[in-house]
Amino acid sequence: MAPLTLGDLDLTTDEFILDEVDIHIQANLEDDLVKEALKTRMEGMLSGFQSDLSSISSEIQTLQQQSVSMSVRLKNRQAVHSHLSQLVDELVVPGAMIQVIVDSPVTEQEFLEQLHELNNKINFAKELSFRETLACSDIQDIVDHLKIKAVTKIREFILQKIYSFRKPMTNYQIPQNTLLKYSFFYQFLLANERTVAKEIRDVYVDTMSKIYYSYFKSYSGRLLKVQYEEVADKDDLMGVEDTAKKGFFSKPSLKSRNTIFTLGQRGAVLSPAELEGPILIPHTAQRGDCRYPYETLFRSQHYALLDNGCREFLFLSDFFMVAGNSALDLFNSVMGKTLSLFLKSMSTYVSDCYDSIAVFLCIHIILRFRAITTKRAIPALDKCQQSLEMVSGLYSKNEGVRPLSEWTLVEVENFVLKMAAEFPSRRDQLIFLINNYDMMLNVLMERAADDSKEVEGFQQLLQARSQEFIEEILSSPFGGMIAFVKASEALIEKGQLDRLKNDEAQITQLIRGFTSTWKQSVEALSQDVMRSFTNFKNGTGIIQGALTQLIQYYHGFHKVLSQPTFRSLAVRSELINLHHLMVEVKKHKPNF
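Since the structure is predicted, the reported quantities are computational estimates derived from the model, not experimental observations.

**Q** Pulling in residues and values, what's your account of the overall build of the chain?
**A** What the chain contains, in helices and strands, is 20 helices and two strands. Going through the 592 residues of the chain one by one, you find that 37% of them count as buried. Of the contacts formed within the chain by residues at least 6 apart in sequence, a portion of 74% connects residues at least 24 apart. Within the structure as shown, the chain displays about 35,600 Å² of accessible surface, and the carbon and sulfur contribution to it stands at 55%.

As structure tokens, then:
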């Protein structure tokens, strides 16, 4: 079949096709209109939503600002409320406070509590007055009246306690402890009524100063009644100046000199058990007919001072709220008269004391007590203790007493030299010095270290005097030879030995005299030395030193005669062989 063409189509078909096209076009136009309407509507809705969101954000910011503002106002109101509440509380004087301050005894706990509150209100009123706050005038009169009432009651209470110290047989430590319990009372007076505080302080100082002075004066006097009746005086010691000279061997006045010149058990006073033991009770000792050396009484007296002084210093520091130099000044105001009494008593005793052991023990007691006060951190007694320390170089060694200080060595040496001067001959003086130096050195070495300054000092003195004594005892039998040797050695140094070439006769006499007498002279020398010295060991050392020195002199004699000036002398053949002389001399050395 042939295909159709447009010609073949009738009109009706064309119209149908056009209608279909129109329908499609119309349908498309309607869809576009719908879409446009929807789009417009959506845009409107979105714009409205965006507007609503902007409004909400603005409202949120407004709410935040309002919240911050309310928070600041709240804090300000709270701060004002707290300040005003405190101000109102401080401006109000409770009836309970008035009643307690006016009517309650000061010893009641509620009085102390209300006194603290009153002190706060007084300070607050002062602060308001400084700021010129008008509300201050509403309470000022009431606070002032309460302050006057409290000051009056506190003053009466403290003065009553201080006056109670003055009653006989009163243990003042009890009211002192009571005052410490109410130490805020004085703090209140010092802050609010300085005139009354000064009055109380002055009354306390005056009262306690008299109490301590009276107590220690009485106690010291009663202690002296139990001291040993037998004490040393100037007639018992050597080296004491006396217008009426009684002689070196005058009869001692003491029945027993052991109590004066030996330490014995007296050093036990320095042991810890006795040093800090209970103080002596004089009337108890008198009933038991007990007697004590001075250092025991001194220990008891000063331990009482130490104990009371330390306690008093602590009380003054705590109750009167002082420290440093202020505390020391207040302590001296209280204890000054008592300390002066101690110093005067010690000065009087020492000025007329001949018991050196007691003095040294007293010095050591003070040194030990100073250590105690240092350990307790109480500096108040240092000044008094330093005054009582009359020997600054004295110190302890392994709990023992080092008996001589540097100045004492000088005094002892001067004394021994003074006594030696009583002998007419130098030989006897040297014997006296050597014996005494040797004795003192032995005593020192029992109590001090071998390398101590005191031991070294006496060793040097002993050695020097021993060497001088050796020269002295050799000068009598061998003086001619010794003088010749010394003169010849001096001329040899100057090159002038020829000046002695004409002394052949003297040289011959010296050689033959030594050869014939040296053995007898050495024997007599040895016996004389052993009779002169009580310490055999010391005597032996001197003999050995003398024989050694003799050998050296004879050796020098040989050397001088070997010089060209004397080689031609025939008498040189009579010289004793030096080795042979040394062998023979050794036979005369004593053996003990």
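**Q** Could you give an account of the pattern of salt bridges, naming the residues involved and the relevant values?
**A** Inspection of every chain in the model, using the stated rule, returns 14 salt bridges. The partner of Glu-574 in a salt bridge is Arg-512, and the shortest N-O contact between them spans 3.0 Å. Placement of Glu-574 in the loop between α19 (536–561) and α20 (578–586) and of Arg-512 in helix α18 (residues 504–532) is noted, with a sequence separation of 62 residues between them. When its relative accessible area of 45% is taken as the criterion, Arg-512 is described as partly exposed.

**Q** Any details on the nonpolar core? Residues and values, ideally.
**A** Counting residues in each nonpolar core, the largest one holds 80 residues, and the members touching the most others are Leu-118, Ile-158, Phe-185 and Phe-188. Secondary-structure elements contributing two or more residues to this core are α2 (95–103), α3 (109–130), α4 (137–164), α6 (183–192), α7 (194–224), α11 (294–319), α12 (324–351) and α13 (356–375). Excluding residues within four positions of it along the chain, Ile-158 makes contact with Leu-179, Phe-185, Tyr-186, Leu-189, Ile-200 and Phe-319. Among the nonpolar cores identified, the runner-up in size contains 58 residues, and Met-481, Val-529, Ala-546 and Leu-561 belong to it.

**Q** I'd like a rundown of a negative patch on the surface, residues and numbers included.
**A** A cluster of acidic residues, Glu-30, Asp-31, Asp-32, Glu-36 and Glu-43, forms a negative patch on the protein surface. Examined against the element boundaries, Asp-31 turns out to sit in helix α1 (residues 11–91).

**Q** Tell me about the packing of helix α17 (residues 453–494) against α19, and name the residues and values.
**A** One can describe the packing of α17 onto α19 by two numbers: an axis separation of 9 Å at closest approach and a directional angle of 5°. In terms of axis orientation, α17 runs roughly parallel to α19. Of the residues assigned to the contact of α17 with α19, the class counts are 19 nonpolar, seven polar and three charged.

**Q** Run through the confidence of the model for the chain, naming residues and quoting values.
**A** The predicted model of the chain has a mean per-residue pLDDT of 82, with 81% of residues at 70 or higher. Within the model, pLDDT remains below 50 along residues 243–252, and this stretch shows seven contacts once partners closer than five positions in the same chain are excluded. Across residues 390–404 the pLDDT falls below 50, and counting only partners more than four positions away or on other chains, this stretch makes 35 contacts in the model.

**Q** Just give me the short version of the packing of aromatic side chains, but keep the residues and values in it.
**A** Applying the stated criterion to the full structure yields 29 aromatic pairs. With 6.2 Å between their ring centres and 90° between their planes, Phe-111 and Phe-185 make a pair best called edge-to-face. Taken together, the residues span a long stretch of sequence, with Phe-111 in helix α3 and Phe-185 in helix α6 at a distance of 74 residues. Between Tyr-186 and Phe-319, the ring centres sit 5.6 Å apart and the planes meet at 35°, which makes this aromatic pair tilted. Of this pair, Tyr-186 sits in helix α6 while Phe-319 sits in helix α11, and the two are 133 residues apart along the sequence. A single burial state applies to Tyr-186 and to Phe-319, both of which are buried. The structure contains a cluster of three or more aromatic residues connected by ring pairs, namely Phe-478, Phe-484, Phe-514, Trp-518, Tyr-554, Phe-557 and Phe-566. The positively charged end of Lys-337 is found above the aromatic ring belonging to Tyr-213, 4.8 Å away from the centroid.

**Q** Which residues make up unusual backbone geometry, and what values go with them?
**A** Of note, Met-321 is a non-glycine position whose phi angle comes to about 55°, a positive value. Its place among the elements puts Met-321 in the loop between α11 and α12. Even without being a glycine, Ala-377 presents a positive backbone phi close to 60°. Mapped onto the elements of the fold, Ala-377 is located in the loop between α13 and α14 (382–388).

**Q** Let's hear about the packing of α19 against α20: which residues, and what values?
**A** For any two helices packed against each other, the geometry is given by the interaxial angle and the distance between the axes. With their axes 11 Å apart at the nearest point, α19 and α20 run at an angle of 165° to one another. Between α19 and α20, the interaxial angle falls into the category roughly antiparallel. The handedness of the crossing between α19 and α20 comes out as right-handed. Residues Leu-547, Ile-551, Tyr-554, His-555 and His-558 of α19 form the contact with α20, whose participating residues are Leu-578, Leu-581, Met-582 and Val-585. Per-class residue counts for the contact of α19 with α20 are seven nonpolar, two polar and no charged.

**Q** So what's going on with the side chain of Ser-466? Which residues, and what values?
**A** When you line up the elements, Ser-466 lands in helix α17. Exposure remark for Ser-466: the relative accessible area of 11% places this residue in the buried category. With residues up to four places along the chain from it excluded, the contact list for Ser-466 reads Ile-434 and Ile-542.

**Q** Please provide a residue-by-residue account of α20, values included.
**A** Those residues of α20 not exposed but buried are Leu-581, Glu-584 and Val-585. The arc that holds every buried residue of α20, seen down its axis, measures 100°, which confines them to one face. Of the exposed residues in α20, the ones pointing more than 90 degrees away from its buried face are His-579 and Lys-586. Looking at the packing, one finds that the buried side of α20 touches α18 and α19. Between the side-chain oxygen of the N-cap and the backbone nitrogen of His-579 there are 3.0 Å, and the N-cap of α20 in question is Asn-577.

**Q** Please set out a nonpolar patch on the surface residue by residue, giving values where relevant.
**A** A cluster of nonpolar side chains, namely Phe-49, Leu-53, Ile-56 and Ile-60, defines an oily patch on the protein surface of about 390 Å² accessible area. Looking at the element boundaries, Phe-49 is found in helix α1. Residue classification places Phe-49 among the exposed positions, given a relative accessible area of 52%.

**Q** Can you tell me about the environment of Leu-275, naming the residues and giving the values?
**A** Here Leu-275 is to be found in helix α9 (residues 272–275). On the basis of relative accessibility, which here comes to 6%, the residue Leu-275 falls in the buried class. Ignoring anything within four residues of it in the chain, the contact list for Leu-275 reads Val-269, Leu-270, Arg-299, Tyr-303, Ile-365, Arg-368 and Phe-369.

Scoring rules and cut-offs
Residues numbered from 1 in each chain as written. Predicted model: local features only at pLDDT ≥ 70, side-chain atom pairs only at ≥ 80, totals over all residues. Heavy atoms only, no water. Helix = DSSP H or I, 4+ residues; strand = E, 2+ residues; numbered from the N terminus. Buried < 20%, exposed > 50% of the residue type's maximum accessible area, 1.4 Å probe, protein only. Contact = heavy atoms within 4.5 Å. Areas by Shrake-Rupley, 256 points an atom, 1.4 Å probe, with all protein chains shown as cover. Salt bridge = Lys/Arg side-chain N within 4 Å of Asp/Glu carboxyl O. Core = buried A, V, L, I, M, F, W, Y, C linked by side-chain atoms within 4.5 Å. Patch = residues over 30% accessible without salt bridge, like charges linked within 9 Å, V, L, I, M, F, W, Y side chains within 5 Å. Lys, Arg positive; Asp, Glu negative; His and termini not counted. Charge placed at Lys NZ, Arg CZ, Asp CG, Glu CD. Axes fitted to C-alpha atoms, helices over the stretch in contact; angles between N-to-C directions. Parallel < 35°, antiparallel > 145°, perpendicular 65-115°, else oblique. Nonpolar A, V, L, I, M, F, W, Y, C, P; charged D, E, K, R; others polar. pLDDT = per-residue confidence, 0-100. Phe/Tyr/Trp six-rings, centres within 6.5 Å; stacked < 30°, edge-to-face > 60°. Lys NZ or Arg CZ within 6 Å of the ring centre and 35° of its normal. Left-handed = near helix turned anticlockwise from the far one by under 90°. Arc of directions from axis to C-beta. Polar contact = N/O pair within 3.5 Å; in protein donor to acceptor, adjacent residues only side chain to side chain.

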